[in-house]
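Coordinate analysis (summary)
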Amino acid sequence: MTSTTMRRTPIDSFPTSTSSTQAETEKILLDHLPKDNKAAPTLQTQAHMQFLIRNLVQGFPARYTSQDASQPWLLYWTLEAFSVLQVGLDPGNRQKAVDTIMAWQHPDGGFGGGPHQAAHLLPTYAAVCALAIVGKPGEGGGWDQIDRKKMYNFFMSLKQPDGSFFVAHHSEVDVRGIYCLLVTATLLDIITPELVEGTSAFVASLQTYEGGFSSASQPYYAPSTSPNGPSALLESPRPPLGEAHGGYTFCALASWVMLLPYLPSPAPKINKMSLLRWLVQMQGSPVELGGFKGRTNKLVDGCYSWWVGGAFALLESIGINPSAIPAPSADKQEGKDDDWSDIDDSLLNRKALQEYILFAGQHPAGGLRDKPPKNADSYHTLSCLAGLSSAQHKVFPSPTRRKALLDSWKSTGNSTNEELRKAYVRRRALLHRGNGHRDHRRRPVEPSERNAPSVQPNNYAHGGNDDVLLWASRASANRQMNS
Ligand SMILES: [Zn+2]
């Protein structure tokens, strides 16, 4: 199909700013299709490398000043982009990166967005993931200098009675924070049943009528039976807050995948088929070059190549294989076989996604972007590269790779994880001895409790998957998933 035969999105006679920007975007995208239909798109690796090196060595341009609280993200996007391009740093720059990251560790646990900034789940994720790329076990390597005990206490101090987490003290609940917490806890091997109790039910409550996920859901409480007594958190209604969104959906689905070993009984459920349907709907039409959008009726954007495109790999990892679901068959009676001649056998059009990234996502001066004519930036550079990689590869579990990763990341002389487990077992034993019955009513946590550094015994119902023996390290799983 050529740019002249592609069907533009129809509009009625009442143009709005949405329909006008859509039409404008389609025109710009079509202009980026090569005139020669046979020209093979190529990834301008050298130009992107130069862009990333410039940012790392010379520092970011002045317009990044507003990102002062996102320093771990800027470094993580850069390092992970190198990683996707299969480029490693020299030892000197690695050590420089490790020392920079460690300066962001908060004395009370977690990482802040810069030196002496408050700890927050999002920069904590970025810092720990960056260390997973450039750090190493042993002295000065960063990995063993992460204070796991304080990290765990920081996580528990953010925990809410409904299984969700604040992203930082005195802040809000957001599924992006939960994803960041779970990845960090997985990489550091500090997930306990206590930490994730109730979290899967919270994540499930975020799925909207569209099939994708929103950022949070609204809790409701039953009136208290006594004047100062606790309010009981109701299991329903639990409406999702806001519309389905690509970023939230990726975070919710990835969280769900990480929580599978800890699902309680009876297990909360997500509707995987309506999720798949929504993900498929987010892929743009040929006139949008097959890029992804993050919400219904919005413009395509390179970063959703990863948030939405990458979600297909997550679905595959839990047995929903879009390639195995046949596309609608051609209407043979009408003789319209040609209508389907430009689709492959998958619900995710991998070829089209690659074309969007390669034709429209690459900035001629290096780096990748949302869409032309926008500037390249490090966030979109990584998201586009990761989306391209997920469109070109299949994820499959590899016991050999898993073992190799686990062996190379064994901590040296760090017994904190073991201590955490023993402390949890002790707390559980105390809980069972001390309470003939447990109060299953949930109540809102008082602000003073939210910030409490100690790990509180909780009053959640325990599920069937809380055997301490199940706490085998899953440190490699996420890295394999993401790379
Ligand atoms: Zn974007």
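Predicted model, so just to flag it, every value in this text is computed and none were measured. (Residues numbered from 1 in each chain as written. Predicted model: local features only at pLDDT ≥ 70, side-chain atom pairs only at ≥ 80, totals over all residues.)

Our next topic: the overall build of the protein chain. Within the protein chain, the secondary structure is distributed over 19 helices and four strands. Long-range pairs, those at least 24 residues apart, make up 73% of the contacts in the protein chain between residues at least 6 apart in sequence. (Helix = DSSP H or I, 4+ residues; strand = E, 2+ residues; numbered from the N terminus. Contact = placed C-beta atoms within 7 Å.)

Time to look at helix H13 (residues 309-317). Those residues of H13 not exposed but buried are Gly309, Gly310, Ala311, Phe312 and Leu314. Phi turns positive one or two residues past the end of H13, at Gly319, with a value near 90°. (Buried ≥ 20, exposed ≤ 12 C-beta atoms within 10 Å, placed from the backbone.)

Take helix H3 (residues 71-84) next. Each full turn of the α-helix corresponds to 3.6 residues, which orients residues three or four apart in the same direction. Between its terminal C-alpha atoms H3 stretches 20 Å, which fits the 20 Å expected from 14 residues at 1.5 Å a residue. The buried count for H3 comes to 13 of 14 residues, which makes it a mostly enclosed element. Where H3 ends, the next residue or the one after it, Gln86, has phi of about 60°, a positive value. (Expected span 1.5 Å × (residues − 1).)

Core analysis: the biggest nonpolar cluster contains 105 residues, and Val128, Ala130, Leu131, Val175, Val203 and Ala252 have the highest contact counts within it. Broken down by element, this core gets its largest block of residues, 11 residues, from helix H5 (residues 121-134). Among the domains, domain 1 (64-146) and domain 2 (166-223 + 231-270 + 397-483) are the pair contributing at least three residues each to this core. Setting aside anything within four residues of it in sequence, one finds Ala252 in contact with Val175, Val203, Leu206 and Phe213. (Core = buried A, V, L, I, M, F, W, Y, C linked by C-beta atoms within 7 Å. Domains from an automatic or database assignment.)

Attention now moves to the environment of His106. Position of His106 among the secondary structure elements: in the loop between helix H4 (91-102) and H5. His106 sits 44 residues away from Lys150 along the chain, and the two C-alpha atoms are 9.3 Å apart. Setting aside residues no more than four positions away along its own chain, His106 makes contact with Phe111, Gly112 and Ala119.

Two elements in contact, H3 and H4, have axes whose closest approach is 11 Å; the angle formed by their N-to-C orientations is 150°. The angle between the axes of H3 and H4 places the two elements in the roughly antiparallel class. For the pair H3 and H4, the crossing hand works out as left-handed. Contact residues: H3 offers Pro72, Leu75 and Leu79, while H4 offers Ala97, Thr100 and Ile101. Of the residues in the contact of H3 with H4, the class split is five nonpolar, one polar and no charged. (Axes fitted to C-alpha atoms, helices over the stretch in contact; angles between N-to-C directions. Parallel < 35°, antiparallel > 145°, perpendicular 65-115°, else oblique. Left-handed = near helix turned anticlockwise from the far one by under 90°. Nonpolar A, V, L, I, M, F, W, Y, C, P; charged D, E, K, R; others polar.)

Contact geometry of helix H2 (residues 45-58) with H3 gives a least axis separation of 10 Å together with a crossing angle of 145°. Our pair here, H2 against H3, has a crossing hand that is left-handed. In this structure, H2 uses Leu52, Asn55 and Leu56 to contact H3, whose residues at the interface are Thr78, Ala81 and Phe82. For the contact of H2 with H3, the per-class residue count stands at four nonpolar, two polar and no charged.

Let us look at unusual backbone geometry. Following Ser236, the chain continues to Pro237 via a peptide bond in cis, the omega torsion being 0°. Looking at the secondary structure, you find Pro237 in the loop between strand S3 (232-233) and strand S4 (240-241). For the peptide bond that leads from Ser265 to Pro266, omega is 0°, which places it in the cis range. As for its position among the elements, Pro266 is in the loop between helix H10 (246-259) and helix H11 (272-281). Residue Gln86 is not a glycine yet carries a positive backbone phi of 60°. For Gln86, the location among the structural elements is in the loop between H3 and H4. Phi is positive for His170, which is not a glycine, with a value near 60°. With respect to the helices and strands, His170 occurs in the loop between helix H6 (148-157) and helix H7 (175-187).

This brings us to the confidence of the model for the protein chain. Residues at a pLDDT of 70 or more form 82% of the protein chain, whose mean pLDDT is 84. Segment residues 327-345: pLDDT under 50, and 15 contacts once partners within four positions in sequence are set aside and those in other chains are kept. Contacts for the low-pLDDT stretch residues 435-483, under 50 throughout, to residues beyond four places or in other chains number 78 contacts. (pLDDT = per-residue confidence, 0-100.)

Relative to the elements of secondary structure, Val183 occurs in helix H7. We classify Val183 as buried; it has 25 C-beta atoms within 10 Å. For Val183 and Tyr125, which are 58 residues apart along the polypeptide, the C-alpha to C-alpha distance reads 7.1 Å.

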